[in-house]
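A look at the structure
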Amino acid sequence: MKLKLLLAFTILVSVFFIFQKNRNLNEKSETITEAQILAANKTNSSKTQKIPTHHSDDIKSDQTTVFNVPASKIAIQKKIKLTPFSRLESEIGELTYTIDEDVAVIQGDIVLGTPPNDAATGKTSQPNLTLWPSGVIPFYIQSNVSNPERIFKALSYFEKTKIHFLAGLNQTDFLVFQESSGNCKSYLGKVGGAQPIWISPNCGVREIIHELMHAIGFIHEQNRSDRNQFLDMLWVNIDSRHKINFDIFSSSLMQLSGLSSFDFESVMLYPDTMFSINNQPTMRPKDPTQFIRPSSALSSKDLERLNLINSD
Ligand SMILES: [Zn+2]
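Along each chain, residue indices are assigned from 1 in the same order as the chain's sequence is written. Side-chain atom pairs in this predicted model are given and counted only at pLDDT of 80 or more, local residue features only at pLDDT of at least 70, and totals for whole chains, interfaces and linings cover all residues.

1. Digging into the overall build of the protein chain
Here is the rule we go by: Under the DSSP-based scheme used, a helix requires at least four consecutive residues in state H or I and a strand at least two consecutive residues in state E, with every element numbered from the N terminus. For the exposure call, what matters is how many other C-beta atoms sit within 10 Å of a residue's own: 20 or more marks it buried, 12 or fewer exposed, and in between partly exposed, using C-beta atoms placed from the backbone. Note on contacts: each residue gets a C-beta atom placed from the backbone, and two residues are in contact if those atoms are within 7 Å.
Each helix and strand in the protein chain was counted, giving seven helices and 12 strands. Relative to its 312 residues, the protein chain shows a buried fraction of 32%. The contacts of the protein chain with a sequence gap of at least 6 include a subset with a gap of at least 24, amounting to 77%.

What follows is the structure, encoded as structure tokens:
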């Protein structure tokens, strides 16, 4: 009996010490200050790393590296600069934006920046599009983003393209994956600084690939400047609140999307019943031999376009 009691006591003490050790480690990682982050950002010596492959073991090991980047969630969020934008006075080329999580959004998931006032909607001009130099996009994943494996999986689809995602935050411009309580969304192309990309808990790999395409500089296929040559819009079936999601973008935003002809299988094309008020199609190919069937990842034309970037 005494022996059993001694054994139980020993186990209890060991468990207590292991618990204390882990707690100290956690507390240590939470006390890093913003000054340290800024210092880390200025140092050119910290490593950037290539993203892991589909292999789950690789994901685990590289994930640790990413999470070891010395940063607390709060410090990074303070650094994030949202770009302001202005309202449009004329009605030429105007787009209607709505507000999601305090940022102005067009076409469901393209972020413009901080709205000029607190109205729930407004008009604005077409956004500008700046591409990432040499197709290199540094990224950082905030520690509060749930299930980061889905982000690594999405990034891995770009491995054999001319776009290179590199883990690390010691860059002037980089993408920051942050938890979203609204829709998944992204800026279009590079806006500079710590650039957020919003990931909500229900975003799957396909949605993350789609948002990454926006961050690279791709627009939706149904918003292309030439879409009326390829699609008939069935306006009677579209929920009037969502007609703004079918606005056409100017040809200046076709730098990347226009690298191929209209793609009925692109990850950037909405399904044909998206925003339908009656479950009937909201758009139909003009060519009766074509079908709207968006890819669950990157379509062959998406890959083709990604491989034409910077190949001048
Ligand atoms: Zn989108």
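Next comes the rest of the description.
2. Regarding the pairing of strand S10 (residues 194-199)
The following threshold applies: Paired strands are those between which DSSP finds at least two bridges.
In terms of burial, S10 is largely enclosed, as six of its six residues are buried. Side chains of S10 alternate between two faces, with Ala-194, Pro-196 and Trp-198 and Gln-195, Ile-197 and Ile-199 buried alike. Pairing of strand S8 (residues 174-179) with S10, which is carried by six bridges, proceeds in the parallel orientation. What sits directly across from Glu-179, in S10, is Ile-199. As paired strands, strand S9 (residues 185-187) and S10 are joined by two bridges and run antiparallel to one another. When the bridges of S10 are listed, Lys-185 appears paired with Trp-198. Where S9 folds back onto S10 in an antiparallel hairpin, the turn is made up of six residues, including Gly-189, whose phi is positive at roughly 70 degrees.

3. Focus: the environment of Arg-227
Here Arg-227 is to be found in the loop between helix H6 (205-216) and strand S11 (231-233). Since 18 C-beta atoms lie within 10 Å of it, Arg-227 is described here as partly exposed. Sequence separation of Arg-227 and Ser-261 is 34 residues, and the distance between their C-alpha atoms is 9.9 Å. Aside from chain neighbours lying at most four places away, what touches Arg-227 is Glu-221, Gln-222, Ile-248 and Phe-262.

4. A few points about unusual backbone geometry
We note that Gln-107 has phi near 50 degrees; this positive angle belongs to a residue other than glycine. Mapped onto the secondary structure, Gln-107 falls in the loop between strand S3 (103-106) and strand S4 (110-113). Since 23 C-beta atoms lie within 10 Å of it, Gln-107 is described here as buried. Positive phi, close to 55 degrees, is recorded for Ser-134, a residue that is not glycine. Inspection of the secondary structure assignment puts Ser-134 in the loop between strand S5 (121-124) and strand S6 (136-141). Given 11 C-beta atoms within 10 Å, Ser-134 falls into the exposed group.

5. As for the packing of helix H5 (residues 149-156) against H6
Operational definition: Between the N-to-C directions of two axes lies an angle of 0 to 180 degrees, each axis being a line fitted to C-alpha atoms and, for a helix, fitted only over the stretch in contact. Comment on the angle field: the value is read as roughly parallel under 35 degrees, roughly antiparallel over 145, roughly perpendicular from 65 to 115, and oblique elsewhere. Each crossing is labelled by how the near helix is turned from the far one, with a counterclockwise turn of less than a right angle marking it left-handed and a clockwise turn marking it right-handed. Classes in brief: Ala, Val, Leu, Ile, Met, Phe, Trp, Tyr, Cys and Pro nonpolar; Asp, Glu, Lys and Arg charged; the others, Gly included, polar.
The geometry of H5 relative to H6 is characterised by a closest axis approach of 9 Å and an angle of 55 degrees between their N-to-C directions. The angle between H5 and H6 falls in the class oblique. Like other packed secondary-structure pairs, H5 and H6 cross with a definite hand, here right-handed. Along its contact with H5, which presents Arg-150, Ile-151, Lys-153 and Ala-154, the element H6 presents Val-205, Ile-208, Ile-209 and Leu-212. Of the residues that constitute the contact of H5 with H6, the class distribution is six nonpolar, no polar and two charged.

6. Structural notes on the nonpolar core
In plain terms, the rule: The term nonpolar core means buried Ala, Val, Leu, Ile, Met, Phe, Trp, Tyr and Cys residues held together as one set by C-beta atoms within 7 Å. A domain assignment, automatic or from a database, supplies the domain bounds used here.
Counting residues in each nonpolar core, the largest one holds 60 residues, and the members touching the most others are Phe-139, Ile-151, Leu-175, Phe-177, Ile-199 and Ile-209. A total of six residues in this core trace back to one element, the largest contributor, which is H6. Of the residues that make up this core, three or more belong to each of domain 1 (47-217) and domain 2 (221-308). Not counting the four nearest positions on each side in its chain, Phe-139 is found in contact with Phe-165, Ala-167, Phe-174, Leu-175 and Phe-177.

7. Observations regarding the environment of Asp-109
Tracing the backbone through its elements, the reader meets Asp-109 in the loop between S3 and S4. With 101 residues separating them in the primary sequence, Asp-109 and His-210 have C-alpha atoms 9.8 Å apart. In this structure, Asp-109 is in contact with Asn-183, Cys-184, Lys-185, Ser-186, Glu-211 and His-214, ignoring residues within four places of it in sequence.

8. Re the confidence of the model for the protein chain
Close inspection of predicted coordinates is inappropriate for parts of the model with low pLDDT. Under the convention used in this document: The predictor's confidence in any single residue is recorded as pLDDT, a number from 0 to 100.
When pLDDT is averaged along the protein chain, the result is 77, and 70% of the positions lie at 70 or above. With pLDDT under 50 throughout, residues 17-75 is counted as low confidence; its partners more than four residues away or in other chains account for 62 contacts. Here residues 87-92 is modelled with pLDDT under 50, and outside its nearest four sequence neighbours on either side it reaches eight contacts, counting other chains as well.

9. Some details on the pairing of S6
As a reminder of what qualifies: Here is how to tell: hold the view so the strands point away, follow the path from the first strand over the helix to the second, and if it runs clockwise the crossover is right-handed.
In terms of residue burial, S6 counts as a mostly covered element, since five of its six residues are buried. Taken together, the four bridges between S6 and strand S7 (residues 164-167) define a ladder with parallel strand orientation. Bridging from a neighbouring strand, Ile-137 pairs with Phe-165 of S7. Remark: the S6/H5/S7 crossover connection has right-handed handedness.

10. Let's talk about the environment of Trp-198
Mapping Trp-198 onto the fold places it in strand S10. Trp-198 gets classed as buried once you count the C-beta atoms within 10 Å, which come to 25. Each C-alpha atom of the pair Trp-198 and Ser-180 lies 5.2 Å from the other, and the pair is 18 residues apart in sequence. Not counting the four nearest positions on each side in its chain, Trp-198 is found in contact with Glu-101, Gln-178, Ser-180, Cys-184 and Lys-185.

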